[in-house]
Amino acid sequence: MRRIVWGSLLAAACATGLLLWTCRRPLIPTQRLAVRADGVGGPGLALVVSDLYEVANRRIIVPVGTVPPAGTHLLTLHLSRRDADLVVDAEMDGRPLPRQEGTPSQVLSGLAKALALPTPGAAFMPVDPGEGFDLLDLASLTQDDATADRVAKAHALVLRVPGCASARLAFGTLQTRFLVEHMEADTLDAQRLCEQNFQDGLGIIPNYPRFVALYAVHLSDIRRQPEALRLLQSALKQHPGNASLLNSLAYAARTSGLLELADRALQRRSSLADLPRGQASLADNTLLYEGKYKAFETSLSTLQPGPLRNFYLGYTRLIEGDRDGAHALFAATQPGGLGSTLFVRLAEVYRLALEGRTQEANQALDTLDAERIQIRLPDGEFTFKVAEAYGFMGRPGDALEAAVRASIQGFSCTPWYERAPFLAEARKLPRWISLDLHLKERQRIMEASFPASSFAL
């Protein structure tokens, strides 16, 4: 009980101390920075240090997995352990910085001082050494690493250090993906916990860029795009050059059918970061929904290798009529690397179909669809991809039914509903007319509420 009270007081103290961070005059940094790390916990420390820069509006952070453009500054962190201490040797553009040794909290504070950043405090790193090392391990995980035991471990850390926004971010990163993909995680209590975690985290560090970006994607996945867009509007006023916020804006906008806004967000990100428009971890579906198939296929080269890239490459080859090329890519879409298990399973449906194993393909698709129906956080954009698979399998009635569910789940990109090649037969069915009218009305409201001009991109 004492620990919980202390955590609450610590959160309040952190919030007060962070006024110096959050009340800074917004600016768009002209310098880009890539942060790279090696050693156990290295990726986690790299993210936390990147967050310090972003919250303070000091640099445009070039995402991991991309090739930094010319002129990008490079901060390299080398982590090791010496008994119970963390040791970090750092270099900025090849120039050594003072060695940092001690608890993770002491090391982070020392790095911040060496890098001329404000003192981070317990909002970014727990004071207790064991909890600090736990945070570094958890922050090193990606959404593709979400498992029940890791989610539980991250939640346990949040309970121990409720005033640490970085711990809440690590928990949210794992929990949001786990809720979308696993039926056993889909309880109302888990959803409420997820929501409370986001609210509490933003109470510690308002407009924390990476935290806001994750929350906005989560809100978009649960049919709350207007909230996501308002949240992003606020954060972008404080952090107008932040790549994570612009990525999430593109996601919330495209799932709402606001393709001009999504397009502007991605172009802005590309211009500021001096990187190709594509992202290292997300497919540029805006180009797809605009019907720019060749440009979309080209953009996939920026994705990290893995099942997500293989799936989308196979999918575009299929749209273009290259069945042999599509089959080879779907066959290569195996677990491991960037990409959720959902895309691996959907690729399997297409692979079986292209091999003429129609019954097996239909069974696999029906099983996947049945599971998605039972999940309370089903991700409407993915449900639409299930609808497309039904259309490809020659089942227009089931395709339309899944498309209706996708619209109810919040995916309302009207142009893509009207353009998606595999839904051509579904659009001939009587029920299509009412769905199309509903989508157009919803999009009209969203366009009036969130014109692209209101985001000052």
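Everything below is about the structure printed above this text.
Residues numbered from 1 in each chain as written. Predicted model: local features only at pLDDT ≥ 70, side-chain atom pairs only at ≥ 80, totals over all residues. Heavy atoms only, no water.

Would you take a moment to explain the side chain of Arg351 for this structure?
Here Arg351 lies in helix α17 (residues 341-354). The residues touching Arg351, leaving out its near neighbours within four places in the chain, are His327, Phe330, Ala331 and Arg357. (Helix = DSSP H or I, 4+ residues; strand = E, 2+ residues; numbered from the N terminus. Contact = heavy atoms within 4.5 Å.)

Quick question: what am I supposed to make of the nonpolar core here?
In summary, soluble globular proteins display a tendency toward joint burial of nonpolar side chains. With 90 residues, the main nonpolar core has Leu45, Val49, Tyr53, Leu75, Leu77, Phe124 and Leu229 as its most contacted residues. Broken down by element, the residue count for this core peaks at eight residues, all from helix α7 (residues 165-181). If we skip the residues at most four places from it in the chain, Leu229 touches Leu249, Ala252, Ala253, Leu258, Leu261, Met446, Phe450 and Phe455. Leu329, Leu342, Cys413 and Leu435 belong to the second-largest nonpolar core, a separate cluster that totals 54 residues. (Core = buried A, V, L, I, M, F, W, Y, C linked by side-chain atoms within 4.5 Å. Buried < 20%, exposed > 50% of the residue type's maximum accessible area, 1.4 Å probe, protein only.)

What exactly am I supposed to notice about helix α12 (residues 259-273) here?
Two residues of an α-helix separated by three or four positions point the same way, owing to the 3.6 residues in each turn. With 15 residues, α12 extends 21 Å from end C-alpha to end C-alpha; this agrees with the ideal 21 Å at 1.5 Å per step. Turning to α12, its buried residues are Leu259, Leu261, Ala262, Ala265, Leu266, Arg269, Ser270, Leu272 and Ala273. Elements in contact with the buried residues of α12: β1 (32-38), β2 (60-61), α10 (225-238), α11 (243-255), α13 (285-289) and α21 (414-419). Phi turns positive, to about 55 degrees, at Asp274, one or two residues after α12. (Expected span 1.5 Å × (residues − 1).)

What is the right way to look at empty space enclosed by the protein in this model?
Rolled over the atoms, a probe with the dimensions of a water molecule shows which regions are left empty. Within the structure shown, the criterion is met by two cavities of 30 Å³ or more. Looking at the largest cavity, its volume works out to about 70 Å³. Looking at the lining of the largest cavity residue by residue, the class counts come to five nonpolar, four polar and two charged. A volume near 40 Å³ is recorded for the second largest cavity. Ser220, Asp221, Gln225, Tyr251, Thr255, Asp379, Gly380, Glu381, Gln409, Gly410 and Phe411 are the residues that line the second largest cavity. Going through the elements one at a time, α9 (209-221), α11 and α19 (380-392) are the ones with two or more residues in the lining of the second largest cavity. Class assignment of the residues belonging to the lining of the second largest cavity gives a composition of two nonpolar, six polar and three charged. (1 Å grid on protein atoms, 1.4 Å probe; cavity = no way out; pocket = protein on both sides within 12 Å on 5 of 7 lines; lining within 4 Å. Points joined across faces, edges and corners; volume = space filled by probe spheres on them. Nonpolar A, V, L, I, M, F, W, Y, C, P; charged D, E, K, R; others polar.)

In this structure, what is going on with unusual backbone geometry? I would like to understand it.
Leave glycine aside and you will find that most residues have negative phi; peptide bonds, for their part, are mostly trans. Positive phi outside glycine occurs at Asp83, with the angle close to 55 degrees. Looking at where Asp83 falls in the secondary structure, it is placed in the loop between β3 (73-82) and β4 (85-92).

Would you take a moment to explain the pattern of salt bridges for this structure?
Across all of its chains, the model carries 27 salt bridges by this definition. Notably, a salt bridge pairs Glu131 with Arg160, separated by 3.5 Å at the nearest N-O pair. Here Glu131 is found in helix α5 (residues 129-139), whereas its partner Arg160 is found in helix α6 (residues 148-160), with 29 residues between them in sequence. For Arg160, a relative accessible area of 31% puts it in the partly exposed group. Across the salt bridge formed by Glu348 and Arg351, the nearest N and O atoms sit 2.6 Å from each other. Pair noted here: Glu348 and Arg351 are both in helix α17, with a separation of three residues, about one helical turn. Among the residues examined, Glu348 registers a relative accessible area of 29% and is labelled partly exposed. One salt-bridge network, in which partners are shared between bridges, spans Glu348, Arg351, Glu355, Arg357 and Glu360. (Salt bridge = Lys/Arg side-chain N within 4 Å of Asp/Glu carboxyl O.)

When you look at the packing of aromatic side chains in this model, what are you seeing that I'm missing?
How two aromatic rings sit relative to each other is set out by the distance from centre to centre and by the angle between their planes. Under the defined criterion, the tally for this structure stands at 24 aromatic pairs. Ring geometry for Tyr289 against Trp416: centres 5.5 Å apart, planes inclined by 35 degrees, an arrangement best described as tilted. On the criterion of sequence distance, the pair formed by Tyr289 in helix α13 and Trp416 in helix α21 is long-range, its members being 127 residues apart. By relative accessible area, which is 1% here, Tyr289 ends up buried. On the basis of relative accessible area, Trp416 is assigned to the buried category, the value being 1%. Ring centres of Tyr350 and Phe422 lie 6.5 Å apart, and the angle between their planes is 45 degrees; on these two criteria the pair is classed as tilted. Here Tyr350, found in helix α17, pairs with Phe422, found in the loop between α21 and α22 (431-449); they are 72 residues apart in sequence, far enough to count as distant. Every member of this aromatic cluster is reached through a ring pair, and the members are Phe296, Phe311, Tyr312, Tyr315, Phe330, Phe343, Tyr350, Phe382, Phe392 and Phe422. The residue whose ring lies beneath Arg81 is Phe133, and the NZ or CZ to ring-centre distance is 3.6 Å. (Phe/Tyr/Trp six-rings, centres within 6.5 Å; stacked < 30°, edge-to-face > 60°. Lys NZ or Arg CZ within 6 Å of the ring centre and 35° of its normal.)

Structural measurements only, silent on function.
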